[in-house]
Amino acid sequence: MSTAYIVDAVRTAGGRRGGKLAGVHPVDLAAASLDALVSRTGIDPARVDDVVMGCVTQAGEQSMQVGRMAVLASQTLPQSTPAVTIDRQCGSSQQAIQFAAQAVMSGTQDAVIAAGVESMSRVPMGTNLTFHLKEGLGHYKSPGLEAKYPGIMWSQFEGAEMLCDKHGFTKEDLDRFGYESQRKAIAATESGAFEREIVPITIQTPEGEAQHTVDEGIRFDATPESIAGVKLLKEGGRLTAATSSQICDGSSAALIVSETALKELGLTPRARIHTLTVTAGDPVIMLEEPLFATDKALARAGLKIDDIDLYEVNEAFASVPLAWLKHTGADPSRLNVNGGAIALGHPLGASGTKLMATLLNALQARGKKYGLQTMCEGGGVANVTIIEAV
């Protein structure tokens, strides 16, 4: 079986809800990452076999097959470039990476762009359901589904609180983690750690045209006290907005190629795909699946958790990476070393390739070898991708 290589990965800086990226149509936001990736890698655009685009809320401005629309809006890719849009909830663009890698490893394609986009300002989360409900056009929960899961309305927030109950986390544990996410994101930004991965986006401001290059969700004035003082999301709970991922606008992309493409196109790889895994489990607690997916991925890879140099575990809620650390026995100092979604934002369908860009750069900045990325996903699904820097 052929080897799949990552040539490069890029992302936009996150935009807060109603913030700096809210004026950018998601199709153009996605096209910006595609164009930057093609430009930075130097690949002949005509040699891109496919674009696999992750997007969760495929409605309104993100409807009509947003991956294809982004290709058509691109300034570099020809209209002959195919594209497909996929939804694996929060792991959509991580799955895009895995589908791209599988295409390359199978020998059926040589150069595939995995990408993701989500404008949570312009296409609010869940509106692909709620607008239909308002029009009386039905609900996703079928009679058959209701019979198997009577009275259950799935909620990631409730799943995050269930994780706290199951693993014994206190509000203080979550607050401490939330502050560390901010602290690490601030340090990474101030040191320039994100500069290589960020795609500048031209925006309009009251002062005129500007470039958006800094993650807008970072709280540069965060203190342990300010994090602890944020009100609870529900009475008697433990989670707050300061220990949950931020609603975010953004896009991201990664170029996955075969060894044949490397040689023919003169490309230089930054990492190889080592292991691809996806698993599914309890859809009610739902957010716990990365724990068990990691076990399976490590077993398939023939590696132990201590063999992995850096981990990116999406910070949907602080209880998720905390439960992952507890279950795996992983070294906390290797986890989300540049901060995570609590500080940087979680642009749903774009987060998978976004995290890969950060993981790739963090590995190479430290001269490390193995990186592991995992993400909890709606419905109790989780992806794990292990890469090896080259």
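In short, a report on the structure. (Residues numbered from 1 in each chain as written. Predicted model: local features only at pLDDT ≥ 70, side-chain atom pairs only at ≥ 80, totals over all residues. Heavy atoms only, no water.)

**Side note on the environment of Ile 342**
Position of Ile 342 relative to the elements: it lies in helix H12 (residues 341–344). Sequence spacing of Ile 342 and Gly 178 is 164 residues, and the spatial spacing of their C-alpha atoms is 6.4 Å. When residues no more than four places from it in sequence are discounted, the contact partners of Ile 342 are Phe 177, Gly 178, Ser 181, Gln 182, Arg 219, Ala 242, Thr 243, Ser 244, Ser 245, Gln 246, Glu 315 and Ala 318. (Helix = DSSP H or I, 4+ residues; strand = E, 2+ residues; numbered from the N terminus. Contact = heavy atoms within 4.5 Å.)

**Concerning the packing of aromatic side chains**
Under the counting rule described, the total for this entry stands at three aromatic pairs. Aromatic side chains Tyr 140 and Trp 154 sit 6.5 Å apart centroid to centroid with 35 degrees between the ring planes, which places their arrangement in the tilted category. With Tyr 140 in the loop between helix H4 (127–134) and helix H5 (143–148) and Trp 154 in the loop between H5 and helix H6 (156–167), this pair connects stretches of sequence that are 14 residues apart. On the basis of relative accessible area, Trp 154 is assigned to the partly exposed category, the value being 23%. Here the aromatic residues Tyr 140, Tyr 149 and Trp 154 are joined through ring pairs into a cluster of three or more. Its end group placed over the ring of Phe 194, Arg 11 keeps NZ or CZ at 4.8 Å from the ring centre. The lysine or arginine in question, Lys 141, covers the ring of Trp 154, its NZ or CZ lying 5.3 Å from the ring centre. (Phe/Tyr/Trp six-rings, centres within 6.5 Å; stacked < 30°, edge-to-face > 60°. Buried < 20%, exposed > 50% of the residue type's maximum accessible area, 1.4 Å probe, protein only. Lys NZ or Arg CZ within 6 Å of the ring centre and 35° of its normal.)

**A look at the pattern of salt bridges**
Evaluation of the coordinates by the stated rule reveals 17 salt bridges. Across the pair Glu 264 and Arg 47 runs a salt bridge, and its minimum N-O distance is 2.9 Å. Separated by 217 residues along the polypeptide, Glu 264 in helix H9 (residues 259–265) and Arg 47 in the loop between helix H1 (26–41) and strand S3 (50–54) bring together distant segments of the chain. Its salt-bridge partner being Glu 259, residue Lys 263 comes within 3.7 Å of it at the nearest N-O pair. You can see Lys 263 and its partner Glu 259 sitting in helix H9, four residues apart, about one turn around the helix. Residues participating in the shared-partner salt-bridge network are Arg 11, Glu 197 and Asp 215. (Salt bridge = Lys/Arg side-chain N within 4 Å of Asp/Glu carboxyl O.)

**What to know about the packing of helix H7 (residues 171–191) against helix H11 (residues 319–328)**
Axis separation between H7 and H11 bottoms out at 10 Å; the angle between their running directions is 100 degrees. Between H7 and H11, the crossing angle belongs to the class labelled roughly perpendicular. Contacts from Asp 173, Leu 174 and Phe 177 of H7 reach H11 at Ser 319, Pro 321 and Leu 322. Classifying every residue of the contact of H7 with H11 gives four nonpolar, one polar and one charged. (Axes fitted to C-alpha atoms, helices over the stretch in contact; angles between N-to-C directions. Parallel < 35°, antiparallel > 145°, perpendicular 65-115°, else oblique. Nonpolar A, V, L, I, M, F, W, Y, C, P; charged D, E, K, R; others polar.)

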